[in-house]
Amino acid sequence: MEWLLGVNIETVHALEWASPTWKVFLGIALVALSLLGLWRGRRGMPKVGLEMLLWSIIGVVLVSMNAEPTLISEVGTPADGKTVVLVDASASMSVESNGNSRFDRAQDIVRRLQKDVTGDVEVWYFDGSLTQSVPSVVNLGHQTDLAQGLRSVYDRYLGQDLQGVILITDGIDRSVLEDSMGSLPVLPGPLSVIQMHEQSPIYDESIVRVDTGGFAFQRLNFEVTAHVRGTPNETLTVKLRKSNNVVNEKTVSLDSTGSGKATFMIRPLEVGRFAWDVEIPVDARDVVPSNNYFPVVIKVVRDEVRVLQVCGSPSYDQKFLRLFLKEDPSVDLISFFILRTHDDLSSNWSSDELSLIAFPYEKLFTEELETFDLVIFQNFNYQPFFTYQSEELLGNIAQYVRGGGGFVMIGGDRSFDLGEYGNTAIEDILPVNLGTLEQSSEEGFVPTLTESGKVHPLTQLSSTTEESQFAWTQLPSMDGYNRIASVKSDAATLLQHPTAKDDAGKPLSILSVREVEKGRVMALNVDSSWRWSYSEA
Amino acid sequence: MPHNIGYTGRRRFLKILGACMGIASAPRLSWALGQRSQFGIAEIDLPTSLNRTSAWQRGLFEVQNSTSIEINEDVPRVVLDSVDLFNHPFTVLIGNSAFDPVSTLAIENLRRYLTYGGFLLLDDASGRRESDFLESCKRLSRRLFPNLPLAALHGDHSVYRSFFLLDQPTGRFQISPQLLGVQLNTITPLIVNVNDLSGALMVDDAGQYVHLPVPDGDFQRRESIKMLINLVLYALTSNYKHDQVHVAELLRRDEF
């Protein structure tokens, strides 16, 4: 048999008792008692010693049979555990030296291991995933993830004793090996590492990894940080691209170890999943051009609706609008109220007594403007603040609306013509034309729905048109209104004055809306809409 | 695209000169679209409540002088169970003695009024620490909001920061260093001052103050004016300084 199989067969024998221990002891006790009783009855008789010896032998035989003796023989041959070889199949393994790539030399080592190591040798290739298919040098992967490779070995050989795990790699990890050091698994066998390297240094600029966080909020800045490697103490140009267009470019100074990082600030304006990539221009000497590129996918989600409320004077109208917006958990409201004007300086309060904060109009209407979904000018007169920058800052707001922002102007003695918005960039986007001579009225009135207002979702107060119209007639009257010259041809009037006319002879618009390219604008030329809030009470 | 504006010395100077602390450099237009939407104070009319129109008119004058708020100097009296209450989002109830429990209709009306944005200042003119008026106020508060306590408003409350930086409330007397209030979600629509605020502001027909505040006289009156202005600003702007951008600015100035 050994000749037939070609191995040494070892045999191991063992005698075991099949009966339970209590049964064996019970048998011994019964035999002993029987022999004792027999000896006492036959005591003094001739040849009793011989007879007792024979009975004792019979007793031992009975006890042995009762214990059910079993002979177990194990026949077999010892086998060595498997040896697992993990080969790095990332792009950096294509670096050549003397005509042979690192990967080719790794394959040579694999073949030697398969020949010399006793027992089975299983070979796996890894970059970001694990495979037993041998990749060609030209099709090596983009990523070296050592931690993932070792975890895959742990999972696949769970419960087995391996003779050893041999890792063949150049050691350039592009994942997050540092971060996962604490969570690396205990392998089912000893780990040996064979590092592939060249005697002479190579020229390779690479993107090690790109940190993005995975998602971003619409209109809010987020960072994309590219970690790069190259020649120590040199500089490296790093580009950020979207849809193959370069959107930003930075020059990174590498440290003495050749590492550096470039951080790009992005403010996404649209919601969705977007592919970006970071790229280093390929130098002619670069032996691994494929690691000069790193794609990332970023999901842009909508945060809360960000609303900027700017009010020229604290008032009931401002208070109730703020309370209304603050009640909505989906609204992130930032309010600025002008608490004090030039005329109030005569009150002689010391600035140390006051708890006022600056109105950062420059910042709000330049760099911060895009972070808002809606800007509300509520009885706000821009001129005292914007001064010589008026044209620029109002132009920014108009541009913001055309790009998709929302803008609302609410009435008062600092709004519309009273706020001198005529012939400004704001008038261009408003639904109404300014420039009327009679700029306001303090006559109370109840606004009425127009035909557009009866069907527009903004003015629907109830589930049916009839109920909604009735509800509008029950609302409190307004205390006055800002007059306007006329309504623009591409705007819709939703509420109008019951009797007053504009300069064009049409019913005076009280609430009007307009789409301006990608944005929307609303004009409400009253300052007593706060009374509508109490209609619920 | 919006233009990015750099900070230059000239701009910084103009910014400080013209806009810092919310001060505008141009004269303001000063009328609302109708007197009814201007800020005013209405007194709650109860059988035992006091009438101190002159105090509120004096206070409103100071509000007009010190802030950008447009005021209506009329001080009407309203009853708690009327719909007219909703025409006056800022009301005061002054007393120096106990008042009888108001009707259930009045309670429901007042609760809706406060819940939907109204503001009520209870002004204790008794000059006593635990007065009968204060007990009546506590009973009113319990009936209005059974599950919400009438509790002390500590120094970090917005009412002490809404316009002036105040350490404590005051009035004709210095009885309590804290206001009392009911916190309803993020706002405090009902506030009690036990220091007789209106007493410090009352003037006679000749425009002379009626009472000399004790113990600090005119300084205390000045603080009382500041307290009223803060109450008005708080009633109108609530906790807007807690908006994220303001918190960052206030923390930077170490004034929060």
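Note that the structure is predicted; figures quoted are calculated from it, not measured.

**Q** I would appreciate a short explanation of the overall build of chain A in the present structure.
**A** When helices and strands are counted, chain A shows 13 helices and 29 strands. A burial count over chain A gives 47% of its 537 residues as buried. Taking all contacts inside chain A whose residues are at least 6 apart in sequence as the whole, residues at least 24 apart take part in 71%.

**Q** Any chance you could explain unusual backbone geometry here in plain terms?
**A** The general pattern is negative phi for most residues beyond glycine and trans for most peptide bonds. Residue P215 of chain B follows V214 of chain B across a cis peptide bond; omega there is 10°. Mapped onto the secondary structure, P215 of chain B falls in the loop between α5 (197-201) and α6 (217-237). With a phi angle near 50°, N379 of chain A is a residue other than glycine that sits in the positive phi range. As for its placement among the helices and strands, N379 of chain A is situated in the loop between β20 (374-378) and α8 (383-386). Within the chain, D196 of chain B stands out as a residue other than glycine whose phi angle is a positive 60°. Mapped onto the elements, D196 of chain B comes out in the loop between β7 (187-193) and α5.

**Q** Where do I start with the side chain of E43 of chain B in this structure?
**A** Residue and element names in this part refer to chain B. Considering the arrangement of structural elements, one finds E43 in strand β1 (residues 42-44). Of the polar contacts made by the side chain of E43, one reaches the side chain of W56; its length is 2.9 Å. There is a polar contact of 2.8 Å between the side chain of E43 and the side chain of R77. When sequence neighbours within four positions are dropped, the list of residues in contact with E43 reads L50, N51, R52, T53, W56, V75, P76, R77, V78, V92 and I94.

**Q** Explain the pattern of salt bridges here, please?
**A** As enumerated under the stated definition, the model contains 28 salt bridges over all chains in all. With its nearest N and O atoms 2.8 Å apart, the salt bridge here joins R77 of chain B to E43 of chain B. Of this pair, R77 of chain B sits in strand β2 (residues 77-78) while E43 of chain B sits in strand β1, and the two are 34 residues apart along the sequence. Relative accessible area serves as the criterion here: at 28%, R77 of chain B is assigned to the partly exposed category. Three or more residues are tied together by salt bridges with common partners; here these are E353 of chain A together with R222, E223 and K226 of chain B.

**Q** Got a minute to help me understand the sheet that holds strand β7 (residues 130-131) of chain A in this structure?
**A** Residue and element names in this part refer to chain A. Taking strand neighbours across the sheet as the criterion, the 5 strands line up as β7-β6-β3-β8-β9 in an open arrangement whose pairing is mixed. Pairing within the sheet leaves two strands with one partner each, and these edge strands are β7 and β9 (191-195). Pairing geometry for strand β8 (residues 164-169) and β9, over 5 bridges, is parallel. Within β9, the residue paired with I168 across the bridge is I194. On the sheet, helix α5 (residues 146-156) packs against β3 (83-88), β6 (121-126), β7, β8 and β9 and is oriented at approximately 155° with respect to β3.

**Q** Got a minute to help me understand the packing of aromatic side chains in this structure?
**A** To describe a pair of aromatic rings, one takes the distance between the centres and the angle between the planes. Tallied over the entire structure, the rule returns 28 aromatic pairs over all chains. When the ring of F377 of chain A is compared with that of F407 of chain A, the centres are 5.2 Å apart and the planes differ by 75°; the resulting orientation is edge-to-face. With F377 of chain A in strand β20 and F407 of chain A in strand β21 (residues 406-410), the pair connects residues that are 30 residues apart, well separated along the chain. Accessibility expressed as a relative area gives 0% for F377 of chain A, which makes it buried. By relative accessible area, which is 1% here, F407 of chain A ends up buried. Note on F86 of chain B and Y113 of chain B: the rings are 5.9 Å apart at their centroids and 70° apart in plane angle, and the pair reads as edge-to-face. Of the two residues, F86 of chain B sits in the loop between β2 and β3 (90-95) while Y113 of chain B sits in helix α3 (residues 104-115), which places them 27 residues apart along the sequence. In terms of burial, F86 of chain B and Y113 of chain B fall into one category: buried. Aromatic rings pair up to connect F336, F359, Y361, F365, F377, F380, Y382, F385, F386, F407 and Y421 of chain A into one cluster. In this structure, R306 of chain A packs its charged tip against the face of F372 of chain A, placed 4.8 Å from the ring centre. R139 of chain B extends its terminal NZ or CZ atom over the ring of F99 of chain B, reaching a point 6.0 Å from the ring centre.

**Q** Where do I start with the nonpolar core in this structure?
**A** What tends to happen in soluble globular proteins is that the nonpolar side chains get buried as a cluster. Counting 80 residues, the largest nonpolar core has F39, F90, L110, V159 and I191 of chain B as its most contacted members. Per element, the largest residue contribution to this core is 10 residues, and it comes from α6 of chain B. Not counting chain neighbours up to four residues away, the residues in contact with F39 of chain B comprise Y316 of chain A together with L60, I69, E70, I71, N72, F90, V232 and L236 of chain B. One finds L325, V375, F385 and I410 of chain A within the second-largest nonpolar core, a separate group that totals 62 residues.

**Q** Got a minute to help me understand the sheet that holds β21 of chain A in this structure?
**A** Two pairing modes exist for strands in a sheet, parallel and antiparallel, and in both the strands are linked by backbone hydrogen bonds. All names here are of chain A. Across the sheet, 8 strands lie side by side as β19-β18-β20-β21-β29-β28-β27-β24; this open sheet has mixed pairing. Whereas interior strands pair on both sides, the edge strands pair on one side only; in this sheet they are β19 (331-337) and β24 (448-449). In this sheet, strand β29 (residues 519-524) lies alongside β21 in parallel orientation, the contact comprising 5 bridges. Bridge pairing links M409 to A523 in β29.

**Q** Where do I start with the packing of helix α6 (residues 316-326) of chain A against α6 of chain B in this structure?
**A** Geometrically, a packed helix pair is captured by the angle between its two axes and the distance between the axes. Between α6 of chain A and α6 of chain B, the shortest axis-to-axis distance is 7 Å and the interhelical angle comes to 50°. Comparing the axis directions of α6 of chain A and α6 of chain B gives the class oblique. Residues Y316, Q318, K319 and R322 of chain A of α6 of chain A form the contact with α6 of chain B, whose own contacting residues are A235, L236 and T237 of chain B.

**Q** What is the right way to look at the pairing of β6 of chain A in this model?
**A** Successive residues of a regular strand alternate their side chains across the two faces of the sheet. All names here are of chain A. Across the 6 residues of β6, 5 count as buried, placing the element largely inside the fold. Two elements, β6 and β7, share 2 bridges in a ladder whose sense is antiparallel. Its bridge partner lying in β7, F126 is registered against L130. The loop that links β6 with its antiparallel partner β7 comprises 3 residues.

**Q** Looking at this structure, how should I read the pairing of β20 of chain A?
**A** Residues and elements named next belong to chain A. Counting buried positions along β20 yields 4 of 5 residues, so the element is predominantly enclosed. Alignment of strand β18 (residues 305-311) against β20, held across 5 bridges, turns out to be parallel. Bridging across to β20, L308 finds its partner in V375. Direction of pairing for β20 relative to β21: parallel, over a ladder of 5 bridges. Residue L374 lies in a different strand from β21, and its bridge partner there is G406.

The rules behind the values
- Residues numbered from 1 in each chain as written.
- Chains lettered and ligands numbered in written order.
- Predicted model: local features only at pLDDT ≥ 70, side-chain atom pairs only at ≥ 80, totals over all residues.
- Heavy atoms only, no water.
- Helix = DSSP H or I, 4+ residues; strand = E, 2+ residues; numbered from the N terminus.
- Buried < 20%, exposed > 50% of the residue type's maximum accessible area, 1.4 Å probe, protein only.
- Contact = heavy atoms within 4.5 Å.
- Polar contact = N/O pair within 3.5 Å; in protein donor to acceptor, adjacent residues only side chain to side chain.
- Salt bridge = Lys/Arg side-chain N within 4 Å of Asp/Glu carboxyl O.
- Pairing = 2+ DSSP bridges.
- Axes fitted to C-alpha atoms, helices over the stretch in contact; angles between N-to-C directions.
- Phe/Tyr/Trp six-rings, centres within 6.5 Å; stacked < 30°, edge-to-face > 60°.
- Lys NZ or Arg CZ within 6 Å of the ring centre and 35° of its normal.
- Core = buried A, V, L, I, M, F, W, Y, C linked by side-chain atoms within 4.5 Å.
- Parallel < 35°, antiparallel > 145°, perpendicular 65-115°, else oblique.

Just distances and angles here, no functional claims.
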